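Single-letter residue listing:
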Amino acid sequence: MKALPKTFLWGVSTSSYQVEGDITNNDWDFFTRSLQISKRISTITKPSIFYKGGTQVDLQPAGDAAKFWDTKYYKRDFDLARTLGLNAFRISIEWARIEPEKDHWDQMAIDNYKEMIVAMREKNLIPIVSLNHATLPLWVMTPPQEFLRRTGQNLLPHPLKDLPLADPPPSDPYWKSLRGWENHETVERFIIYVERIIVEFRDLVDYWITIGEPVATIIGGGYISGLWPPGFFLKGKKARIVLRNLIEAHVQAYNKITALDNIDADGDGLANRVGFTHLMMEIVPAEQSKIFGIPVKDNTEAAKNFSYFANDYFINAVINGEEDLNYLNTLQRSNKNSKEFIVHEDWKNKADFIGLDYYRRVYVYANKIVSLTSAKFVGGVPINDLSIANNQSHNVLNTLGWEIYPKGLYNVIMRIKNKWNNIPIFITENGIADKHDGHRAPFIVSHLQQVKRAIDDGARIMGYLFWSFMDNYEWLDNYRPEGKFGLFSIDFEDRHHDDSDLIRHKTKGAEALELIIKESLSQSKDGVISDSAIAAAQNKFGIFTEDGSRIIYPWMTKWNNG
């Protein structure tokens with residue numbers, strides 16, 4: 001097991017499609033520009049008795065995004081990052097830029113990323129590089145525009161009659177692409193791309209992330225909910241194939257990186273640290289539905305199964321080598337006596353750290369439709385927007401309707417520590433959608449308090465990356481102000497103008513993070529979170545209670561103390 005970095009990594013995360021701008025040749029851009037796809041997504045997310053997901057989705061492409069691909073902008077951003085005391089910055093490399101067509105490599109794009117990383121390093125920012133964050137080149141996957149109808153589907157009520165329940169027709173361009181992670185050839189092509197990137201960048205980068213959020217985002221969005229590319233709905237058979245291919249892609253990428261990256265770019269004695277990012281949640285059963293006041297449905301097993309699949313399955317595979325096909329078939333969790341519980345020796349210990357993405361607590365309920373499909377292994381359905389969930393009590397919400405629950409970060413960290421041999425944890429995303437910047441500062445204070453608590457209890461934490469450095473394009477929310485996650489705010493109403501547009505404005509959250517970083521550095525050279533830093537930030541900005549039920553503001557403490 002590789003040692004922790006000598007210095008605590010304080011940084012931010014970004015992703016290429018969400019911030020760079022001018023990316024038009026990947027699956028997500030195609031997904032948003034297709035009129036057939038946009039109409040389908042809008043139709044199936046229209047509020048109804050079946051769909052209670054919140055806001056009707058209006059797909060839009062990223063367009064210029066935050067113009068981070070522009071040298072002028074990323075250099076300014078690195079300067080701003082340093083003013084906060086940050087020493088790390090996470091970017092993703094867009095495969096579609098690097099290999100726009102099969103076996104055609106764009107050296108200009110490679111060189112632009114090199115210049116970006118060199119500029120980062122010149123500002124004493126350690127580069128954290130993701131090799132794949134949610135998107136694929138069009139030749140790897142062109143999302144289906146149309147789907148065939150099941151027999152009798154036209155007779156079903158909205159939105160069931162509009163759901164993508166069958167395959168695309170033979171004429172759909174989807175079939176001319178590799179069909180994404182459903183095809184093992186995509187794994188092979190991904191490794192060729194990884195090799196090219198490592199050879200080009202190994203003298204500049206030591207921290208590598210192979211794949212971003214393989215279960216929650218790639219599988220959950222693209223093969224279960226139908227709202228992300230490729231847009232399949234409850235396609236359990238496809239999801240199982242994709243799951244195995246993603247595990248193989250990570251394992252092979254890990255092997256390739258550790259074999260090729262032999263240059264210690266940071267001078268800390270290690271040439272590479274390789275992991276993946278994993279969206280993990282504090283998962284609890286939704287409140288039982290009732291008829292005449294009598295509970296009729298227990299959601300406990302649904303929540304346990306959802307957690308096992310979403311939180312545990314991928315880590316079990318790449319740390320313990322476990323492939324629990326028995327669970328996928330029977331919902332028996334981790335039955336090691338089953339012949340379909342397989343241990344792959346060549347999958348074991350293929351991560352130097354777990355990249356933890358944590359945002360919220362979710363409530364999961366059992367769903368009869370899900371339980372009768374080939375995707376029953378997802379366990380249940382999470383309530384996405386609690387602001388419209390009349391039957392579920394909750395604590396404070398962000399502006400997308402997600403419940404703020406700081407203690408959940410501690411719980412998830414300690415789960416990783418205790419379940420997977422105290423593997424190092426890199427908090428690669430933690431953030432809040434906050435339209436008015438009213439909750440961001442206490443959110444940061446309260447979550448870093450829980451990180452400090454976990455460190456004190458023996459967890460090996462490499463660093464903390466806030467999502468995101470700046471307001472950016474949010475996938476299903478595009479540029480809605482409700483989806484503003486940035487430490488620096490951007491007025492996207494000006495995004496089509498020239499020199500004066502997309503100015504970054506410092507938020508209260510940035511001020512809180514800056515105070516904690518600089519106070520922590522004043523206490524020790526390695527800059528690990530200090531108690532005095534949390535106390536100072538709490539006294540200035542306030543803090544959420546650990547259950548997220550309320551904010552304790554500084555004036556409250558002063559008033560209570562007389």
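Each value, and the rule that gives it
- Residues numbered from 1 in each chain as written.
- Predicted model: local features only at pLDDT ≥ 70, side-chain atom pairs only at ≥ 80, totals over all residues.
- Heavy atoms only, no water.
- Helix = DSSP H or I, 4+ residues; strand = E, 2+ residues; numbered from the N terminus.
- Buried < 20%, exposed > 50% of the residue type's maximum accessible area, 1.4 Å probe, protein only.
- Axes fitted to C-alpha atoms, helices over the stretch in contact; angles between N-to-C directions.
- Parallel < 35°, antiparallel > 145°, perpendicular 65-115°, else oblique.
- Left-handed = near helix turned anticlockwise from the far one by under 90°.
- Contact = heavy atoms within 4.5 Å.
- Nonpolar A, V, L, I, M, F, W, Y, C, P; charged D, E, K, R; others polar.
- Phe/Tyr/Trp six-rings, centres within 6.5 Å; stacked < 30°, edge-to-face > 60°.
- Lys NZ or Arg CZ within 6 Å of the ring centre and 35° of its normal.
- Pairing = 2+ DSSP bridges.
- Right-handed = clockwise from strand over helix to strand, strands pointing away.
- Expected span 1.5 Å × (residues − 1).
- Polar contact = N/O pair within 3.5 Å; in protein donor to acceptor, adjacent residues only side chain to side chain.
- Salt bridge = Lys/Arg side-chain N within 4 Å of Asp/Glu carboxyl O.
- 1 Å grid on protein atoms, 1.4 Å probe; cavity = no way out; pocket = protein on both sides within 12 Å on 5 of 7 lines; lining within 4 Å.
- Points joined across faces, edges and corners; volume = space filled by probe spheres on them.

Asker: What exactly am I supposed to notice about the side chain of Asp77 here?
Answerer: Note that Asp77 resides in helix 4 (residues 71–83). Among the residues examined, Asp77 registers a relative accessible area of 1% and is labelled buried.

Asker: Teacher, can you tell me more about the packing of helix 9 (residues 236–260) against helix 10 (residues 300–320) here?
Answerer: For any two helices packed against each other, the geometry comes down to the angle between their axes and how far apart the axes lie. Where helix 9 contacts helix 10, the axes come no closer than 10 Å and their chain directions differ by 45 degrees. In terms of axis orientation, helix 9 runs oblique to helix 10. Where helix 9 crosses over helix 10, the two elements pack in a sense that is right-handed. Where helix 9 approaches helix 10, its residues Leu243, Leu246, Ile247, His250 and Val251 are matched on the opposing element by Phe309, Tyr313, Phe314, Ala317 and Val318. Here the residues of the contact of helix 9 with helix 10 are counted per class, giving nine nonpolar, one polar and no charged.

Asker: What exactly am I supposed to notice about the packing of aromatic side chains here?
Answerer: The description of two aromatic rings rests on the distance between their centres and on the angle between their planes. Per the stated rule, a full pass over the model turns up 38 aromatic pairs. Following the ring pairs from residue to residue traces out a cluster consisting of Tyr17, Trp28, Phe31, Trp228, Tyr473, Trp475, Tyr479 and Phe492. If you follow Lys238 out to its NZ or CZ, it ends over the ring of Phe232, 4.9 Å from the centre.

Asker: I would appreciate a short explanation of the pairing of strand 4 (residues 207–212) in the present structure.
Answerer: A regular strand places its side chains so that they alternate between the two faces of the sheet. With six of six residues buried, strand 4 is to be regarded as a mostly interior element. As paired strands, strand 3 (residues 126–130) and strand 4 are joined by three bridges and run parallel to one another. Along strand 4, the bridge assignment pairs Ile128 with Tyr207. This β-α-β element, strand 3 to helix 7 (residues 184–201) to strand 4, shows right-handed connectivity.

Asker: In this structure, what is going on with helix 6 (residues 107–122)? I would like to understand it.
Answerer: Think of an α-helix as 3.6 residues a turn; residues three or four steps apart then line up on the same face. Taking 1.5 Å per residue as the helical rise, helix 6 with its 16 residues ought to reach 22 Å, and the 22 Å between its terminal C-alpha atoms agrees with that figure. Restricting attention to buried positions, one finds in helix 6 the residues Ala109, Ile110, Asn112, Tyr113, Met116, Ile117, Ala119 and Met120. Sitting at the amino-terminal end of helix 6 is Asp106, which places a side-chain oxygen 3.0 Å from the backbone nitrogen of Met108. Remark: Asn124 follows helix 6 within two positions and exhibits a positive phi of approximately 60 degrees.

Asker: How should the sheet that holds strand 12 (residues 361–365) be read in this particular structure?
Answerer: In any sheet, the strands associate via hydrogen bonds between backbone groups, in a parallel or an antiparallel arrangement. Taken in spatial order, the three strands make up an open sheet running 6-12-13, and their pairing is mixed. Both edges of this open sheet fall to strand 6 (282–285) and strand 13 (381–382), since each of them pairs with a single strand only. Sheet topology note: the strand 12/strand 13 ladder contains two bridges and is antiparallel. By the bridge assignment, Tyr365 is partnered in strand 13 with Val381. In the packing of helix 10 onto the sheet, the strands contacted are strand 6, strand 12 and strand 13, and the crossing angle to strand 6 comes to about 160 degrees.

Asker: Whenever I open this one, the sheet that holds strand 15 (residues 461–467) confuses me. Can you help?
Answerer: Judged by pairing direction, the barrel is parallel, and its eight strands sit side by side in the order 1-2-3-4-5-11-14-15 before closing back on the first. Here the strands of the sheet are splayed against their neighbours by 25 degrees on average, with no regard to which way each runs. Examined bridge by bridge, strand 5 (residues 273–279) and strand 11 (residues 353–358) share five bridges and lie parallel to one another. Bridge pairing in strand 11 links Thr277 to Gly355. Packing against the sheet, helix 14 (residues 440–456) makes contact with strand 1 (9–13), strand 11, strand 14 (425–430) and strand 15, and its axis sits at approximately 165 degrees to strand 15.

Asker: Which parts of the structure should I look at to understand the pattern of salt bridges?
Answerer: It is possible for side chains bearing opposite charge to pair when their charged atoms get close. Evaluation of the coordinates by the stated rule reveals 34 salt bridges. Between Lys114 and Glu200 there is a salt bridge; the shortest N-O distance is 2.7 Å. With Lys114 in helix 6 and Glu200 in helix 7, this residue pair connects regions lying 86 residues apart in the sequence. Overall, the relative accessible area of 15% leaves Glu200 in the buried class. One salt bridge connects Lys238 with Asp167, and the closest N-O pair in it is separated by 3.7 Å. A residue pair is termed long-range when its members are at least 10 positions apart, and Lys238 in helix 9 and Asp167 in the loop between strand 3 and helix 7 qualify at 71 residues.

Asker: Can you help me understand the packing of helix 6 against helix 7 in this one?
Answerer: For the pair helix 6 and helix 7, interaxial distance at closest approach is 11 Å and the crossing angle is 50 degrees. Viewed along their axes, helix 6 and helix 7 adopt a mutual orientation that is oblique. At the point where helix 6 passes helix 7, the crossing takes the right-handed sense. Contacts between helix 6 and helix 7 involve Gln107, Ile110, Tyr113, Lys114 and Ile117 on the former and, on the latter, Arg196, Glu200 and Phe201. Split by residue class, the contact of helix 6 with helix 7 holds four nonpolar, one polar and three charged.

Asker: What should I look at first to understand empty space enclosed by the protein in this one?
Answerer: Once rolled over the atoms, a probe with the size of a water molecule shows which space is left empty. Counted by the stated rule, this structure contains two cavities of 30 Å³ or more. Around the largest cavity sit 13 residues that line it, and Asp27, Ala134, Met141, Ile218 and Pro229 are the ones nearest its centre. Where the lining of the largest cavity is concerned, the elements lending two or more residues are helix 2 (27–33) and helix 8 (214–224). Broken down by element, the residue count for the lining of the largest cavity peaks at three residues, all from helix 8. Taken together, the residues of the lining of the largest cavity break down into 10 nonpolar, two polar and one charged. Approximately 40 Å³ is the volume found for the second largest cavity.

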